[in-house]
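Descriptive analysis of the structure
One-letter residues, chain by chain:
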Amino acid sequence: MKPVTTSPVADPDVDLVLPCLNEAGALPWVLSRIPPGWRALVVDNGSTDGSAELARGLGATVVREERRGFGAACHAGLTAATADIVCFCDCDGSLDPALLPPFVDEVRAGEADLVLGRRRPSGHGAWPAHARAGNIALARMLRRRTGLRLHDLGPLRAARREALLGLGLTDRRSGYPLQMVVRAADAGWRVAEHDVPYLPRTGVSKVTGTWRGTWQAVRDMRRVLAEPPTPSGARDGTAAQPQGQATAQPPSRGGTVQ
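Treat the numbers as computed from the prediction; the structure is a model and nothing was measured.

Okay, the pattern of salt bridges next. Enumeration according to the criterion identifies 9 salt bridges in this entry. Residues Asp-84 and Arg-160 are paired through a salt bridge, measuring 2.3 Å at the closest nitrogen-oxygen approach. Of this pair, Asp-84 sits in the loop between α3 (70-80) and β4 (85-88) while Arg-160 sits in strand β6 (residues 157-160), placing them 76 residues apart in sequence. The exposure class of Asp-84 is partly exposed, given its relative accessible area of 43%. By relative accessible area, which is 14% here, Arg-160 ends up buried.

Put into structure tokens, the structure is as follows:
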């Protein structure tokens, strides 16, 4: 396949963080769907299938994160990012990065501070029943905790980089996406949600592919919901302001860009 011109890009409009653990089968399609001018940050979280080499060959910037965990990979990508706006997307082919430009436009226009994709299953087996049930339960708990009337906690999302860093996110497991939303709500961010098709992923999910993985994710997220609210959204003395006005905190742990 012809290399995708996603990186290196001088002063990219957007950095797209793609947490990756053995996703060689999906990477070519995912990278081919990235909008022109954006930089792909593929965060290799210990792949053994050649994902990092493949991503690099297709033009992506590869970030290494040795500490296992979805949140660890996402945060390593966030701390490696340099663009004003950062997006996140799974690297397994279940979500289409080409759907993200309207999310970015909404953030850039100041209409929302965090934009999320509400997954709508498209195709048989796209979203197992046990995973969907866990997501519904968590959305209800989130509503009780924050008042946000969201339907999904999916990984497709966009926000300003410095504001995200200012949230002081600490979860490095499955609770990372939820913690981002909870702390954004505590900080008074405007959170928007839009429907996106959810496709059957390539390969077996490390989380929703099994009841055990789903339960572990739910347990991680319940721990996040148990955190006491912080009205100002401050962590370690830094208040996270929407629309990019936060002061970035030094990362507690970041990946190595290659």
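Moving on, we come to the packing of aromatic side chains. All told, the structure shown has 0 aromatic pairs when counted by the stated rule. In this structure, Arg-119 is placed above the aromatic ring of Tyr-198, and the distance from its NZ or CZ to the ring centre is 5.0 Å.

So, on to the sheet that holds strand β8 (residues 256-257). Think of a sheet as strands paired side by side through backbone hydrogen bonds, with each pair either parallel or antiparallel. In space, the 8 strands of this open sheet follow the order β7-β5-β6-β4-β1-β2-β3-β8, with mixed pairing throughout. Of all the strands in the sheet, just β7 (191-198) and β8 have a single pairing partner and so form its edges. Set on the sheet, α3 makes contact with β1 (14-20), β2 (39-44), β3 (61-64), β4 and β8; between it and β1 the angle comes to about 155°. Packing against the sheet, helix α7 (residues 176-186) makes contact with β4, β5 (114-121) and β6, and its axis sits at approximately 135° to β5.

Mapping Thr-256 onto the fold places it in strand β8. With 177 residues separating them along the chain, Thr-256 and Thr-79 place their C-alpha atoms 9.9 Å apart. In contact with Thr-256, not counting residues within four places along its chain, are Val-62, Val-63 and Arg-64.

On to the side chain of Asp-92, then. Position of Asp-92 among the secondary structure elements: in the loop between β4 and α4 (101-108). In this structure the side chain of Asp-92 is engaged in a polar contact, spanning 2.6 Å, whose partner is the side chain of Ser-94. Residue contacts for Asp-92: discarding those within four places in its chain leaves Glu-23, Ala-26, Arg-201 and Thr-202.

Definitions and limits used
Residues numbered from 1 in each chain as written. Predicted model: local features only at pLDDT ≥ 70, side-chain atom pairs only at ≥ 80, totals over all residues. Heavy atoms only, no water. Salt bridge = Lys/Arg side-chain N within 4 Å of Asp/Glu carboxyl O. Helix = DSSP H or I, 4+ residues; strand = E, 2+ residues; numbered from the N terminus. Buried < 20%, exposed > 50% of the residue type's maximum accessible area, 1.4 Å probe, protein only. Phe/Tyr/Trp six-rings, centres within 6.5 Å; stacked < 30°, edge-to-face > 60°. Lys NZ or Arg CZ within 6 Å of the ring centre and 35° of its normal. Pairing = 2+ DSSP bridges. Contact = heavy atoms within 4.5 Å. Axes fitted to C-alpha atoms, helices over the stretch in contact; angles between N-to-C directions. Polar contact = N/O pair within 3.5 Å; in protein donor to acceptor, adjacent residues only side chain to side chain.

Honestly, that's just the spatial picture; any functional story needs more than this.
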